[in-house]
Amino acid sequence: SEDMSRPTKPITLSAKQHECLQTIVHSRQIPHCLVQRAQIVLQAADGQHNKKIAQNLGVNKNTIGLWRQRWLDNSTDLATLEDKPKQLLAFISELLTDKARPDSPGIFTAEHVCQIIALACETPPEYISHWTRADLAKEAIKRDIVEHISASSIGRFLKSGAASTSSLPVLA
């Protein structure tokens, strides 16, 4: 069991890291578990203790410790991507994704999923107003992220059971 007197290791975020985490938190396309992990890192960076973050988000305190430590373990790599915002976002998404279990049969690696999630966070090209699953599938293949992928696999990765219309109010 953990010693209660042990201080929590602080997380210091750069402005760009903070911005990437906010992008993840506010995206409607990203799986809830990733959003929650981004919130863990943001609250940890605000100086909250693991127990408090666990209460705020309704998760186990050990889970908070795990993600805090994973962030800290990767801080050197995060710093090297400071001037590359797209790669930084992709790396952060990957960092916050569960490592694939060795017995899972999937042909898509955690890295593939992260690159596709990062792609979904990008502004789509001018000729389309918003990403569809089919557009994301075509773009993922075009960018050599994957050789083949279906729109339904994209949907599974993004866990988008929600309606495709924005829930933002339309300004008059």
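None of the values given here were measured: they were computed from a predicted structure. Sequence order as written defines the numbering, with residues in each chain counted from 1. Two thresholds apply to this predicted model, a pLDDT of at least 70 for residue-level local features and 80 or more for giving and counting side-chain atom pairs, whereas whole-chain, interface and lining totals are computed over all residues. The side-chain quantities take in all heavy atoms of the structure and omit both hydrogens and water.

1. Structural notes on the packing of helix α2 (residues 32–45) against helix α3 (residues 50–57)
For the pair α2 and α3, interaxial distance at closest approach is 10 Å and the crossing angle is 140 degrees. The orientation of α2 with respect to α3, classified from their angle, is oblique. The interaxial crossing formed by α2 with α3 has right-handed handedness. Here Q36, Q39, I40, Q43 and A44 of α2 come into contact with α3, specifically with I53, N56 and L57. We call Asp, Glu, Lys and Arg charged. Ala, Val, Leu, Ile, Met, Phe, Trp, Tyr, Cys and Pro are nonpolar, and the rest, Gly among them, are polar. Taken together, the residues of the contact of α2 with α3 break down into four nonpolar, four polar and no charged. In this analysis, axes come from line fits to C-alpha atoms, helices being fitted only over the stretch in contact, and the angle between any two N-to-C directions falls in the range 0 to 180 degrees. For the purposes of this entry, the term helix denotes a DSSP run of H or I that reaches at least four residues, the term strand denotes a run of E that reaches at least two, and both are numbered from the N terminus. To sort the angles, those under 35 degrees are grouped as roughly parallel, those over 145 as roughly antiparallel, those from 65 to 115 as roughly perpendicular, and the leftovers as oblique. Left-handed describes a crossing whose near helix is turned anticlockwise from the far helix through less than a right angle; right-handed describes the clockwise counterpart. Should any heavy atoms of two residues lie within 4.5 Å, those residues are considered in contact.

2. Comments concerning the environment of T23
Along the chain, the position of T23 falls in helix α1 (residues 15–26). The exposure class of T23 is partly exposed, given its relative accessible area of 34%. Each C-alpha atom, one on T23 and one on C121, is 7.7 Å from the other, the two residues being 98 residues apart in sequence. Not counting chain neighbours up to four residues away, the residues in contact with T23 comprise L89 and C121. Classification of residues uses two cut-offs on accessible area relative to the type maximum, computed with a 1.4 Å probe and protein chains only: under 20% is buried, over 50% is exposed, and between them is partly exposed.

3. Considerations on the nonpolar core
Buried residues of nine kinds, namely Ala, Val, Leu, Ile, Met, Phe, Trp, Tyr and Cys, make up a nonpolar core once their side-chain atoms join them within 4.5 Å. Among the nonpolar cores identified, the biggest contains 44 residues, and L21, W71, I92, L96 and I149 are the most heavily contacted of them. At the level of secondary structure, the elements contributing two or more residues to this core comprise α1, α2, α3, α4 (61–73), α6 (85–95), α7 (110–121), α8 (133–142) and α9 (151–158). Here this core takes seven residues from α2, the largest share from any one element. The contacts of L96, once residues within four sequence positions are left out, are L21, I24, L34, R37, A38, V41 and W67.

4. Overview of the side chain of N50
One can find N50 in helix α3. When near neighbours in sequence (up to four residues on either side) are disregarded, N50 contacts T8, K61, I64, G65 and R68.

5. Structural notes on α3
Of the residues making up α3, those classed as buried are N50, I53, A54 and L57. All buried residues of α3 project into a common sector of 100 degrees when viewed along the axis, lining one side. In α3, the exposed residues that point more than 90 degrees away from the buried face are K51 and Q55. Looking at the buried side of α3, the elements it contacts are α2 and α4. At the exit of α3 stands G58, carrying a positive phi of roughly 65 degrees. This arc is built from the directions going out from the helix axis to the C-beta atoms.

6. Overview of the pattern of salt bridges
Whenever Lys or Arg places a side-chain nitrogen within 4 Å of a carboxyl oxygen from Asp or Glu, that contact is recorded as a salt bridge. Applying the stated rule across the entire model yields four salt bridges. E122 is the salt-bridge partner of K86, the closest N and O atoms lying 3.9 Å from each other. In this pair, K86 sits in helix α6 while E122 sits in the loop between α7 and α8, placing the two residues 36 residues apart along the sequence. E139 serves as the salt-bridge partner of K142, at 3.5 Å between the closest nitrogen and oxygen. One end of the pair is K142 and the other is E139, both in helix α8 and three residues apart, which spans about a single turn.

7. As for the packing of α2 against α4
A pair of packed helices is characterised by two quantities: the angle between their axes and the separation of those axes. The interhelical angle for the contact between α2 and α4, taken along N-to-C directions, is 75 degrees, at an axis separation of 10 Å. The angle between the axes of α2 and α4 places the two elements in the roughly perpendicular class. Contact with α2, carried on its side by R37, I40, V41 and A44, involves I64, W67, R68 and W71 of α4 and no other residues of that element. Looking at the contact of α2 with α4, its residues break down into six nonpolar, no polar and two charged.

8. Topic: unusual backbone geometry
A positive phi angle is found at D144, which is not glycine, with a value near 60 degrees. Overall, D144 belongs to the exposed group, its relative accessible area being 67%.

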